[in-house]
Amino acid sequence: MDLGLLLHALIPSSTSFAILAAFFTYSAIVGTIIPGKVVPGVILQDGSRLHYRCNGLLSLLLLVALLGMAAKMDYISPTVISDRGLELLSATFLLSCIVTLALYAAGCKSRNQGSSLKPHLTGNLIHDWWFGIQLNPQFMGIDLKFFFVRAGMMGWLIINLSVLARSIQDATLSQSMILYQLFCVLYILDYFFYEEYMTSTWDIIAERLGFMLVFGDLVWIPFSFSIQGWWLLNNKPELTTASVIANCFVFLIGYLVFRGANKQKHVFKKNPKAPIWGRPPKVIGGRLLASGFWGVARHCNYLGDLLLALSFSLPCGISSPIPYFYPIYLLILLIWRERRDEARCATKYKEVWAEYCKLVPWRILPYFY
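What counts, and where the lines are drawn
Residues numbered from 1 in each chain as written. Predicted model: local features only at pLDDT ≥ 70, side-chain atom pairs only at ≥ 80, totals over all residues. Heavy atoms only, no water. Salt bridge = Lys/Arg side-chain N within 4 Å of Asp/Glu carboxyl O. Helix = DSSP H or I, 4+ residues; strand = E, 2+ residues; numbered from the N terminus. Buried < 20%, exposed > 50% of the residue type's maximum accessible area, 1.4 Å probe, protein only. Phe/Tyr/Trp six-rings, centres within 6.5 Å; stacked < 30°, edge-to-face > 60°. Pairing = 2+ DSSP bridges. Expected span 1.5 Å × (residues − 1). Polar contact = N/O pair within 3.5 Å; in protein donor to acceptor, adjacent residues only side chain to side chain. Disulfide = S-S within 2.5 Å. Axes fitted to C-alpha atoms, helices over the stretch in contact; angles between N-to-C directions. Parallel < 35°, antiparallel > 145°, perpendicular 65-115°, else oblique. Left-handed = near helix turned anticlockwise from the far one by under 90°. Contact = heavy atoms within 4.5 Å. Nonpolar A, V, L, I, M, F, W, Y, C, P; charged D, E, K, R; others polar. Patch = residues over 30% accessible without salt bridge, like charges linked within 9 Å, V, L, I, M, F, W, Y side chains within 5 Å. Areas by Shrake-Rupley, 256 points an atom, 1.4 Å probe, with all protein chains shown as cover. Lys, Arg positive; Asp, Glu negative; His and termini not counted. Charge placed at Lys NZ, Arg CZ, Asp CG, Glu CD.

Caption draft 1: Expanded view of the pattern of salt bridges. Counted under the stated rule, the structure contains 12 salt bridges. Here arginine 150 ties to glutamate 195 by a salt bridge, and the two come within 2.9 Å at their closest N and O atoms. One end of the pair, arginine 150, is in helix 7 (residues 144–169); the other, glutamate 195, is in the loop between helix 8 (175–193) and helix 9 (202–205), and 45 residues separate them in sequence. Arginine 259 is the partner of aspartate 190 in a salt bridge, and the nearest nitrogen-oxygen pair spans 2.7 Å. Separated by 69 residues along the polypeptide, aspartate 190 in helix 8 and arginine 259 in helix 12 (residues 241–270) bring together distant segments of the chain. A single burial state applies to aspartate 190 and to arginine 259, both of which are buried. Each of Asp83, Arg166 and Asp170 takes part in salt bridges that share partners, so that together they form one network.

This is how it looks when you write it as C-alpha coordinates:
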(Lines give C-alpha, C1' and ligand atoms only; values in the text may rest on other atoms or scores of the structure.)
Protein backbone atom coordinates (compact mmCIF):
# COMPACT_ATOMS: atom_id res chain seq x y z
CA MET A 1 0.00 0.00 0.00
CA ASP A 2 1.50 3.36 -1.02
CA LEU A 3 1.40 6.42 1.19
CA GLY A 4 -1.53 8.02 -0.64
CA LEU A 5 -3.72 4.95 -0.28
CA LEU A 6 -2.70 4.57 3.34
CA LEU A 7 -3.65 8.15 4.20
CA HIS A 8 -6.94 7.78 2.35
CA ALA A 9 -7.72 4.56 4.21
CA LEU A 10 -7.13 6.35 7.52
CA ILE A 11 -9.79 9.00 6.86
CA PRO A 12 -12.76 8.06 9.06
CA SER A 13 -16.16 7.84 7.43
CA SER A 14 -19.60 8.40 8.88
CA THR A 15 -20.01 4.60 8.88
CA SER A 16 -17.00 4.23 11.18
CA PHE A 17 -18.41 6.71 13.67
CA ALA A 18 -21.80 4.99 13.44
CA ILE A 19 -20.16 1.64 14.25
CA LEU A 20 -18.42 3.15 17.26
CA ALA A 21 -21.60 4.88 18.42
CA ALA A 22 -23.56 1.63 18.18
CA PHE A 23 -20.87 -0.31 20.00
CA PHE A 24 -20.52 2.12 22.90
CA THR A 25 -24.28 2.59 23.18
CA TYR A 26 -24.76 -1.17 23.37
CA SER A 27 -21.97 -1.49 25.94
CA ALA A 28 -23.41 1.26 28.12
CA ILE A 29 -27.02 0.06 28.04
CA VAL A 30 -26.42 -3.67 28.30
CA GLY A 31 -23.67 -3.27 30.87
CA THR A 32 -26.13 -1.35 33.05
CA ILE A 33 -29.25 -3.47 32.78
CA ILE A 34 -28.27 -7.12 32.52
CA PRO A 35 -27.57 -9.04 35.73
CA GLY A 36 -24.09 -9.62 37.04
CA LYS A 37 -22.14 -10.04 40.25
CA VAL A 38 -21.72 -6.71 42.04
CA VAL A 39 -18.18 -6.55 43.38
CA PRO A 40 -17.04 -3.94 45.93
CA GLY A 41 -13.87 -2.11 44.98
CA VAL A 42 -11.05 -1.25 47.32
CA ILE A 43 -11.67 1.20 50.14
CA LEU A 44 -10.46 4.62 49.02
CA GLN A 45 -8.65 7.19 51.16
CA ASP A 46 -11.86 8.93 52.19
CA GLY A 47 -13.41 5.61 53.27
CA SER A 48 -15.69 5.31 50.25
CA ARG A 49 -15.66 2.47 47.75
CA LEU A 50 -17.12 1.89 44.33
CA HIS A 51 -19.12 -1.14 43.32
CA TYR A 52 -18.69 -2.81 39.93
CA ARG A 53 -21.28 -4.85 38.07
CA CYS A 54 -19.22 -7.67 36.55
CA ASN A 55 -21.45 -8.77 33.69
CA GLY A 56 -18.86 -8.44 30.93
CA LEU A 57 -18.95 -12.10 29.92
CA LEU A 58 -22.71 -12.11 29.43
CA SER A 59 -22.53 -8.75 27.62
CA LEU A 60 -19.85 -10.09 25.27
CA LEU A 61 -21.61 -13.36 24.50
CA LEU A 62 -24.87 -11.53 23.84
CA LEU A 63 -23.09 -9.09 21.52
CA VAL A 64 -21.44 -11.90 19.55
CA ALA A 65 -24.78 -13.71 19.29
CA LEU A 66 -26.58 -10.58 18.07
CA LEU A 67 -23.87 -9.84 15.50
CA GLY A 68 -23.93 -13.45 14.34
CA MET A 69 -27.69 -13.37 13.83
CA ALA A 70 -27.51 -10.01 12.07
CA ALA A 71 -24.81 -11.34 9.72
CA LYS A 72 -26.82 -14.52 9.08
CA MET A 73 -29.84 -12.41 8.12
CA ASP A 74 -27.67 -10.15 5.92
CA TYR A 75 -28.33 -7.06 8.03
CA ILE A 76 -24.61 -6.49 8.42
CA SER A 77 -21.48 -7.85 6.78
CA PRO A 78 -19.31 -10.03 9.05
CA THR A 79 -16.27 -8.33 7.49
CA VAL A 80 -17.46 -4.75 8.10
CA ILE A 81 -14.77 -4.27 10.76
CA SER A 82 -11.91 -5.87 8.82
CA ASP A 83 -12.91 -3.92 5.70
CA ARG A 84 -12.67 -0.62 7.60
CA GLY A 85 -9.82 -1.38 10.00
CA LEU A 86 -7.69 1.70 9.39
CA GLU A 87 -10.51 4.22 9.39
CA LEU A 88 -11.93 2.66 12.55
CA LEU A 89 -8.47 3.02 14.07
CA SER A 90 -8.31 6.73 13.28
CA ALA A 91 -11.93 7.28 14.35
CA THR A 92 -11.27 5.60 17.70
CA PHE A 93 -8.11 7.66 18.14
CA LEU A 94 -10.07 10.88 17.53
CA LEU A 95 -12.70 9.72 19.99
CA SER A 96 -10.00 9.07 22.60
CA CYS A 97 -8.65 12.59 22.16
CA ILE A 98 -12.10 14.13 22.49
CA VAL A 99 -12.92 12.04 25.57
CA THR A 100 -9.68 12.93 27.34
CA LEU A 101 -10.11 16.63 26.59
CA ALA A 102 -13.60 16.41 28.08
CA LEU A 103 -12.22 14.58 31.12
CA TYR A 104 -9.56 17.23 31.56
CA ALA A 105 -12.09 20.07 31.35
CA ALA A 106 -14.51 18.35 33.71
CA GLY A 107 -11.71 17.59 36.16
CA CYS A 108 -10.52 21.19 36.20
CA LYS A 109 -14.03 22.41 37.02
CA SER A 110 -14.71 19.79 39.68
CA ARG A 111 -15.03 20.97 43.27
CA ASN A 112 -15.66 17.48 44.61
CA GLN A 113 -13.25 16.53 47.40
CA GLY A 114 -14.06 12.82 47.46
CA SER A 115 -11.29 10.37 46.56
CA SER A 116 -12.92 9.36 43.26
CA LEU A 117 -13.54 12.84 41.82
CA LYS A 118 -11.09 15.13 43.60
CA PRO A 119 -9.00 16.88 40.93
CA HIS A 120 -5.23 16.37 41.10
CA LEU A 121 -3.63 19.22 39.17
CA THR A 122 0.15 19.56 38.88
CA GLY A 123 0.08 22.70 36.76
CA ASN A 124 1.70 20.81 33.88
CA LEU A 125 -0.93 20.64 31.14
CA ILE A 126 0.66 17.74 29.26
CA HIS A 127 1.22 15.71 32.43
CA ASP A 128 -2.33 16.24 33.69
CA TRP A 129 -3.86 15.45 30.31
CA TRP A 130 -1.71 12.32 29.87
CA PHE A 131 -2.07 10.82 33.36
CA GLY A 132 -5.48 12.27 34.15
CA ILE A 133 -6.88 14.45 36.91
CA GLN A 134 -9.59 12.34 38.56
CA LEU A 135 -9.35 8.79 39.83
CA ASN A 136 -12.83 7.49 38.97
CA PRO A 137 -14.77 9.92 36.74
CA GLN A 138 -18.28 8.87 35.83
CA PHE A 139 -20.79 9.67 33.10
CA MET A 140 -24.49 9.05 33.68
CA GLY A 141 -23.65 6.75 36.58
CA ILE A 142 -21.15 4.68 34.56
CA ASP A 143 -17.60 4.33 35.90
CA LEU A 144 -15.63 5.30 32.81
CA LYS A 145 -12.38 3.59 33.73
CA PHE A 146 -14.02 0.17 34.13
CA PHE A 147 -16.21 0.83 31.08
CA PHE A 148 -13.30 1.66 28.77
CA VAL A 149 -11.15 -1.35 29.62
CA ARG A 150 -14.16 -3.62 29.10
CA ALA A 151 -14.88 -1.97 25.74
CA GLY A 152 -11.28 -2.46 24.66
CA MET A 153 -11.28 -6.17 25.44
CA MET A 154 -14.63 -6.67 23.74
CA GLY A 155 -13.44 -4.68 20.73
CA TRP A 156 -10.36 -6.89 20.40
CA LEU A 157 -12.53 -9.99 20.07
CA ILE A 158 -14.94 -8.34 17.61
CA ILE A 159 -12.01 -7.24 15.40
CA ASN A 160 -10.54 -10.74 15.51
CA LEU A 161 -13.84 -12.35 14.56
CA SER A 162 -14.22 -9.98 11.61
CA VAL A 163 -10.66 -10.78 10.49
CA LEU A 164 -11.50 -14.48 10.80
CA ALA A 165 -14.60 -13.98 8.67
CA ARG A 166 -12.49 -12.22 6.01
CA SER A 167 -10.03 -15.10 6.06
CA ILE A 168 -12.84 -17.61 5.54
CA GLN A 169 -14.40 -15.56 2.74
CA ASP A 170 -11.06 -15.22 0.97
CA ALA A 171 -10.31 -18.95 1.42
CA THR A 172 -7.03 -18.10 3.19
CA LEU A 173 -7.86 -19.71 6.54
CA SER A 174 -4.68 -21.34 7.83
CA GLN A 175 -3.52 -23.37 10.78
CA SER A 176 -1.73 -20.28 12.06
CA MET A 177 -4.91 -18.20 11.95
CA ILE A 178 -6.86 -20.89 13.79
CA LEU A 179 -4.18 -21.15 16.48
CA TYR A 180 -3.97 -17.38 16.93
CA GLN A 181 -7.76 -16.99 17.10
CA LEU A 182 -8.08 -19.87 19.57
CA PHE A 183 -5.52 -18.42 21.96
CA CYS A 184 -7.11 -14.98 21.83
CA VAL A 185 -10.64 -16.31 22.38
CA LEU A 186 -9.51 -18.33 25.40
CA TYR A 187 -7.65 -15.35 26.85
CA ILE A 188 -10.51 -12.89 26.35
CA LEU A 189 -13.19 -15.25 27.68
CA ASP A 190 -10.99 -15.96 30.68
CA TYR A 191 -10.58 -12.23 31.26
CA PHE A 192 -14.33 -11.73 31.43
CA PHE A 193 -14.91 -14.89 33.47
CA TYR A 194 -12.58 -13.43 36.09
CA GLU A 195 -13.59 -9.83 35.44
CA GLU A 196 -13.94 -9.11 39.15
CA TYR A 197 -10.18 -9.54 39.51
CA MET A 198 -9.76 -6.40 37.43
CA THR A 199 -11.23 -4.40 40.30
CA SER A 200 -8.09 -4.98 42.39
CA THR A 201 -5.54 -4.10 39.68
CA TRP A 202 -3.33 -1.03 39.84
CA ASP A 203 -5.06 0.61 36.87
CA ILE A 204 -8.41 0.55 38.63
CA ILE A 205 -7.35 1.36 42.17
CA ALA A 206 -4.56 3.88 41.65
CA GLU A 207 -4.21 5.27 38.10
CA ARG A 208 -6.16 8.41 37.27
CA LEU A 209 -8.11 8.40 34.02
CA GLY A 210 -6.28 10.39 31.35
CA PHE A 211 -5.13 9.91 27.79
CA MET A 212 -2.73 7.12 28.78
CA LEU A 213 -5.51 4.82 29.97
CA VAL A 214 -8.22 5.93 27.53
CA PHE A 215 -5.96 5.52 24.49
CA GLY A 216 -4.57 2.29 25.89
CA ASP A 217 -8.03 0.80 26.45
CA LEU A 218 -9.88 2.01 23.36
CA VAL A 219 -7.13 2.11 20.72
CA TRP A 220 -4.08 0.19 21.80
CA ILE A 221 -5.70 -2.98 23.13
CA PRO A 222 -8.10 -3.76 20.26
CA PHE A 223 -5.98 -2.55 17.35
CA SER A 224 -2.41 -3.43 18.32
CA PHE A 225 -3.29 -6.74 19.97
CA SER A 226 -4.93 -7.86 16.70
CA ILE A 227 -1.94 -7.12 14.43
CA GLN A 228 -1.15 -10.82 14.13
CA GLY A 229 -4.58 -11.54 12.67
CA TRP A 230 -4.29 -8.74 10.11
CA TRP A 231 -0.83 -10.00 9.13
CA LEU A 232 -2.08 -13.56 8.68
CA LEU A 233 -4.68 -12.38 6.17
CA ASN A 234 -1.85 -11.87 3.67
CA ASN A 235 0.68 -14.41 4.91
CA LYS A 236 0.51 -18.16 5.42
CA PRO A 237 3.48 -19.46 7.38
CA GLU A 238 4.08 -23.19 7.57
CA LEU A 239 4.12 -24.62 11.07
CA THR A 240 5.60 -27.95 12.06
CA THR A 241 3.88 -30.20 14.57
CA ALA A 242 6.70 -29.52 17.03
CA SER A 243 6.25 -25.75 16.70
CA VAL A 244 2.49 -26.03 17.26
CA ILE A 245 3.05 -28.10 20.41
CA ALA A 246 5.70 -25.65 21.65
CA ASN A 247 3.34 -22.74 20.97
CA CYS A 248 0.57 -24.39 22.97
CA PHE A 249 3.04 -25.03 25.79
CA VAL A 250 4.08 -21.35 25.90
CA PHE A 251 0.42 -20.31 26.02
CA LEU A 252 -0.38 -22.79 28.79
CA ILE A 253 2.58 -21.80 30.99
CA GLY A 254 1.85 -18.11 30.41
CA TYR A 255 -1.79 -18.59 31.33
CA LEU A 256 -1.01 -20.56 34.50
CA VAL A 257 1.45 -17.91 35.71
CA PHE A 258 -0.70 -14.92 34.70
CA ARG A 259 -4.01 -16.20 36.04
CA GLY A 260 -2.48 -17.90 39.06
CA ALA A 261 -0.59 -14.78 40.18
CA ASN A 262 -3.53 -12.44 39.71
CA LYS A 263 -5.89 -14.83 41.47
CA GLN A 264 -3.55 -15.15 44.45
CA LYS A 265 -3.26 -11.37 44.72
CA HIS A 266 -7.01 -10.85 44.46
CA VAL A 267 -7.81 -13.56 47.03
CA PHE A 268 -5.16 -12.20 49.41
CA LYS A 269 -6.67 -8.70 49.26
CA LYS A 270 -10.10 -10.12 50.08
CA ASN A 271 -8.87 -12.58 52.72
CA PRO A 272 -5.25 -12.20 53.89
CA LYS A 273 -5.42 -15.55 55.72
CA ALA A 274 -6.53 -17.65 52.73
CA PRO A 275 -4.04 -20.47 52.01
CA ILE A 276 -1.67 -20.14 49.06
CA TRP A 277 -0.67 -23.40 47.38
CA GLY A 278 -2.17 -25.27 50.34
CA ARG A 279 -0.18 -23.40 52.98
CA PRO A 280 -0.76 -20.33 55.15
CA PRO A 281 0.46 -17.25 53.27
CA LYS A 282 3.73 -15.58 54.21
CA VAL A 283 3.06 -11.89 54.72
CA ILE A 284 5.69 -9.17 55.09
CA GLY A 285 4.81 -6.46 57.57
CA GLY A 286 1.21 -7.61 57.58
CA ARG A 287 0.73 -6.05 54.13
CA LEU A 288 2.73 -7.72 51.35
CA LEU A 289 2.14 -11.26 50.10
CA ALA A 290 5.38 -13.24 49.76
CA SER A 291 3.94 -16.69 49.05
CA GLY A 292 3.01 -18.53 45.89
CA PHE A 293 3.93 -16.74 42.69
CA TRP A 294 4.59 -13.58 44.71
CA GLY A 295 7.36 -15.37 46.55
CA VAL A 296 9.05 -16.19 43.24
CA ALA A 297 9.18 -12.72 41.68
CA ARG A 298 7.82 -9.34 42.73
CA HIS A 299 5.98 -8.83 39.42
CA CYS A 300 5.48 -12.43 38.33
CA ASN A 301 2.14 -11.60 36.72
CA TYR A 302 4.09 -9.61 34.14
CA LEU A 303 6.00 -12.77 33.19
CA GLY A 304 2.73 -14.55 32.49
CA ASP A 305 1.52 -11.59 30.45
CA LEU A 306 4.70 -11.64 28.34
CA LEU A 307 4.47 -15.39 27.68
CA LEU A 308 0.84 -15.01 26.60
CA ALA A 309 1.74 -12.14 24.27
CA LEU A 310 4.51 -14.27 22.77
CA SER A 311 2.11 -17.17 22.24
CA PHE A 312 -0.20 -14.90 20.21
CA SER A 313 2.69 -14.11 17.84
CA LEU A 314 4.38 -17.50 17.51
CA PRO A 315 1.71 -18.85 15.10
CA CYS A 316 3.03 -16.28 12.59
CA GLY A 317 6.45 -17.94 12.42
CA ILE A 318 9.68 -15.96 12.36
CA SER A 319 9.75 -14.63 8.81
CA SER A 320 8.69 -11.10 9.83
CA PRO A 321 9.04 -8.91 12.93
CA ILE A 322 5.63 -7.29 12.37
CA PRO A 323 3.58 -9.91 14.28
CA TYR A 324 5.97 -9.52 17.21
CA PHE A 325 5.18 -5.85 17.69
CA TYR A 326 2.83 -6.62 20.57
CA PRO A 327 5.19 -8.76 22.72
CA ILE A 328 8.14 -6.43 22.03
CA TYR A 329 6.08 -3.38 22.97
CA LEU A 330 4.70 -5.17 26.02
CA LEU A 331 8.19 -6.07 27.20
CA ILE A 332 9.25 -2.42 27.05
CA LEU A 333 6.01 -1.25 28.68
CA LEU A 334 6.14 -3.74 31.55
CA ILE A 335 9.76 -3.02 32.36
CA TRP A 336 8.90 0.71 32.45
CA ARG A 337 5.80 -0.03 34.48
CA GLU A 338 7.68 -2.32 36.83
CA ARG A 339 10.09 0.53 37.57
CA ARG A 340 7.14 2.83 38.32
CA ASP A 341 5.63 0.15 40.56
CA GLU A 342 8.90 -0.29 42.43
CA ALA A 343 9.23 3.46 43.07
CA ARG A 344 5.63 3.79 44.25
CA CYS A 345 5.82 0.74 46.50
CA ALA A 346 9.13 1.91 48.00
CA THR A 347 7.46 5.21 48.88
CA LYS A 348 4.24 3.63 50.13
CA TYR A 349 5.58 0.66 52.12
CA LYS A 350 9.07 1.99 53.01
CA GLU A 351 11.02 -0.54 55.14
CA VAL A 352 8.39 -3.23 54.54
CA TRP A 353 9.09 -3.02 50.81
CA ALA A 354 12.85 -3.17 51.42
CA GLU A 355 12.36 -6.35 53.45
CA TYR A 356 10.20 -7.84 50.68
CA CYS A 357 12.88 -7.05 48.09
CA LYS A 358 15.49 -8.87 50.18
CA LEU A 359 13.25 -11.90 50.51
CA VAL A 360 12.19 -11.86 46.82
CA PRO A 361 15.13 -10.39 44.85
CA TRP A 362 13.80 -11.12 41.36
CA ARG A 363 11.63 -8.55 39.64
CA ILE A 364 9.95 -10.45 36.78
CA LEU A 365 11.98 -13.47 35.61
CA PRO A 366 13.64 -15.50 38.38
CA TYR A 367 17.45 -15.82 38.14
CA PHE A 368 17.50 -13.42 35.19
CA TYR A 369 15.78 -10.13 36.04
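Here the narrative resumes, following the displayed structure.
Caption draft 2: Quick look at the packing of aromatic side chains. A full pass over the atoms with the stated rule returns 27 aromatic pairs. Between phenylalanine 211 and phenylalanine 215 the ring centres are 5.2 Å apart and the planes differ by 20°, which places this aromatic pair in the stacked class. Highlighted residues: phenylalanine 211 and phenylalanine 215, both in helix 10 (residues 211–224), separated by 4 residues, approximately one helical turn. Per residue, the accessibility class of phenylalanine 211 equals that of phenylalanine 215, and both read buried. Among the aromatic residues, those joined into a ring-pair cluster are Phe93, Trp129, Trp130, Phe211, Phe215, Trp220, Phe325 and Tyr329.

Caption draft 3: The arrangement of unusual backbone geometry in detail. A positive phi angle, near 55°, is found at tryptophan 277, a position not held by glycine. Topologically, tryptophan 277 is positioned in the loop between helix 12 and strand 5 (283–284). When its relative accessible area of 55% is taken as the criterion, tryptophan 277 is described as exposed. The phi dihedral of tyrosine 367 falls on the positive side, at around 70°, and the residue is not glycine.

Caption draft 4: Broad picture of the pairing of strand 2 (residues 51–54). A one-sided burial pattern is seen for strand 2, the buried positions being Tyr52 and Cys54 and the unburied ones His51 and Arg53. Sheet topology places strand 1 (residues 37–40) next to strand 2; 4 bridges connect them, and they run antiparallel. Counterpart to proline 40 in the pairing with strand 2 is histidine 51.

Caption draft 5: Summary view of helix 14 (residues 325–349). With 25 residues, helix 14 extends 35 Å from end C-alpha to end C-alpha; this agrees with the ideal 36 Å at 1.5 Å per step. Listing the buried residues of helix 14 in full gives Tyr326, Pro327, Leu330, Leu334, Arg337, Glu338, Arg340, Asp341, Glu342, Cys345 and Tyr349. Lysine 350 occupies a position one or two residues after helix 14 and carries a positive phi of about 50°.

Caption draft 6: How the structure looks around the side chain of threonine 201. Looking at where threonine 201 falls in the secondary structure, it is placed in the loop between helix 8 and helix 9. Only 2.7 Å separates the side chain of threonine 201 from the backbone oxygen of methionine 198, close enough to count as a polar contact.

Caption draft 7: A look at the state of the cysteines. Within this structure, the stated rule accounts for 0 disulfides. Here cysteine 108 is not disulfide-linked; the sulfur of cysteine 97 is the nearest cysteine sulfur, at 17 Å.

Caption draft 8: Structural context of the packing of helix 5 (residues 85–109) against helix 10. It is the contact of helix 5 with helix 10, at a shortest axis distance of 9 Å, that shows an interaxial angle of 165°. As far as their axial angle goes, helix 10 and helix 5 are roughly antiparallel. The way helix 5 lies across helix 10 gives a crossing that is right-handed. Within the contact between the two elements, helix 5 uses Gly85, Leu88, Leu89, Thr92, Phe93, Ser96, Cys97, Val99, Thr100 and Leu103 and helix 10 uses Phe211, Val214, Phe215, Leu218, Val219 and Phe223. Classifying every residue of the contact of helix 5 with helix 10 by side-chain character gives 12 nonpolar, 4 polar and no charged.

Caption draft 9: Molecular detail of the environment of glutamine 228. Counting through the fold element by element, glutamine 228 comes out in helix 11 (residues 227–233). What makes glutamine 228 buried here is its relative accessible area of 0%. As a C-alpha pair, glutamine 228 and tyrosine 324 span 96 residues in sequence and 7.9 Å in three-dimensional space. Contacts of glutamine 228, omitting those with residues within four sequence positions, involve Tyr180, Ala309, Phe312, Ser313, Cys316, Pro323 and Tyr326.

Caption draft 10: Just helix 5, in detail. Taking 1.5 Å of rise per residue, 25 residues should cover 36 Å, and helix 5 covers 36 Å from first to last C-alpha, within 8% of that figure. Burial in helix 5 covers these residues: Gly85, Glu87, Leu88, Ser90, Ala91, Thr92, Ser96, Cys97, Val99, Thr100, Leu103 and Gly107.

Caption draft 11: Region of interest: a positive patch on the surface. Judged by side-chain charge, Lys269, Arg287, Lys348 and Lys350 come together as a positively charged surface patch. With respect to the helices and strands, the residue lysine 350 is situated in the loop between helix 14 and helix 15 (351–359).

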